Amino acid sequence: MDIVVHEAQTDAAVLECKGRLNMVSAPAFREAVAKVVGEGRHRVVVELSAVDFMDSSGLGALVGCLKTARQAGGDLRIAAPSDQVSMVLKLSNIDKILRTYPDGDAAVSNWG
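The following paragraphs examine the structure supplied in this document. If you're wondering where the values come from, they're calculated on a predicted model, not measured in any experiment.

The rules behind these values
- Residues numbered from 1 in each chain as written.
- Predicted model: local features only at pLDDT ≥ 70, side-chain atom pairs only at ≥ 80, totals over all residues.
- Heavy atoms only, no water.
- Axes fitted to C-alpha atoms, helices over the stretch in contact; angles between N-to-C directions.
- Helix = DSSP H or I, 4+ residues; strand = E, 2+ residues; numbered from the N terminus.
- Parallel < 35°, antiparallel > 145°, perpendicular 65-115°, else oblique.
- Left-handed = near helix turned anticlockwise from the far one by under 90°.
- Contact = heavy atoms within 4.5 Å.
- Nonpolar A, V, L, I, M, F, W, Y, C, P; charged D, E, K, R; others polar.
- Pairing = 2+ DSSP bridges.
- Expected span 1.5 Å × (residues − 1).
- Buried < 20%, exposed > 50% of the residue type's maximum accessible area, 1.4 Å probe, protein only.
- Arc of directions from axis to C-beta.

## Quick look at the packing of helix H1 (residues 26–38) against helix H2 (residues 56–71)
When two helices pack together, their arrangement is captured by the angle between the axes and the distance separating the axes. Remark: H1 packs on H2, axes separated minimally by 9 Å, with the N-to-C direction vectors making an angle of 15°. By the angle between their axes, H1 is roughly parallel relative to H2. Two packed elements cross with a definite hand, and for H1 against H2 that hand is right-handed. Residues Ala-26, Phe-29, Arg-30, Val-33 and Val-37 of H1 lie in contact with H2, whose contacting residues are Ser-57, Gly-60, Ala-61, Leu-62, Gly-64, Cys-65, Thr-68 and Ala-69. Among the residues forming the contact of H1 with H2, the class breakdown is eight nonpolar, four polar and one charged.

## Let's talk about the environment of Leu-15
As for its position among the elements, Leu-15 is in strand S2 (residues 12–21). Along the backbone, Leu-15 and Leu-76 are 61 residues apart, and their C-alpha atoms lie at a distance of 11 Å. Not counting the four nearest positions on each side in its chain, Leu-15 is found in contact with Ile-3, Val-4, Val-5, Ala-32, Val-33, Val-36, Val-44, Val-45, Val-46 and Glu-47.

## Re the sheet that holds strand S1 (residues 2–9)
Strand order in the open sheet formed by five strands is S1-S2-S3-S4-S5, with mixed pairing between adjacent strands. The sheet terminates laterally at S1 and strand S5 (100–101), the two strands that pair on one side only. Pairing between strand S4 (residues 75–79) and S5: two bridges, direction parallel. Bridge assignment links Ala-79 to a residue of S5, and that residue is Tyr-101. This element, H2, spans S2, strand S3 (43–54) and S4 of the sheet and lies at about 140° to S4. Sheet strands in contact with helix H3 (residues 83–91) are S3 and S4, and its direction is about 110° off that of S3.

## What to know about H1
Across its 13 residues, H1 extends 18 Å between first and last C-alpha, which sits within 8% of the 18 Å expected from 1.5 Å per residue. Taken together, the buried positions of H1 are Ala-26, Phe-29, Ala-32, Val-33, Val-36 and Val-37. For H1, the angular spread of the buried residues around the axis is 130°, confining them to a single face. More than 90 degrees from the buried face of H1, the exposed residues found are Glu-31, Lys-35 and Gly-38. Lining the buried residues of H1 we find S1, S2, S3, H2 and S4. One or two residues past the end of H1 sits Gly-40, with phi positive at roughly 100°.

Here it is as structure tokens:
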């Protein structure tokens, strides 16, 4: 999986992900989020429109990253999930915990 980090605000970042979020890529994804949070950007948006597959390992990584961001006083949001990712989020009821937005800009601009 490819991850490109965009700084959205001084305390926010958008991670644009492409590929598969599964047991192979989940550790690198966790590291990318931990690095961003460690650099002081506690508000994390994960843009998933180009993620064509996510399994339970990817789901676990998202929840773990949510915990990392919240422990630092921030939050994690999902932007533009692909159809497959949306289905996994809904089937697991994680869509009730992770807020989903139509795009990264909407996710960032809705922080109060």
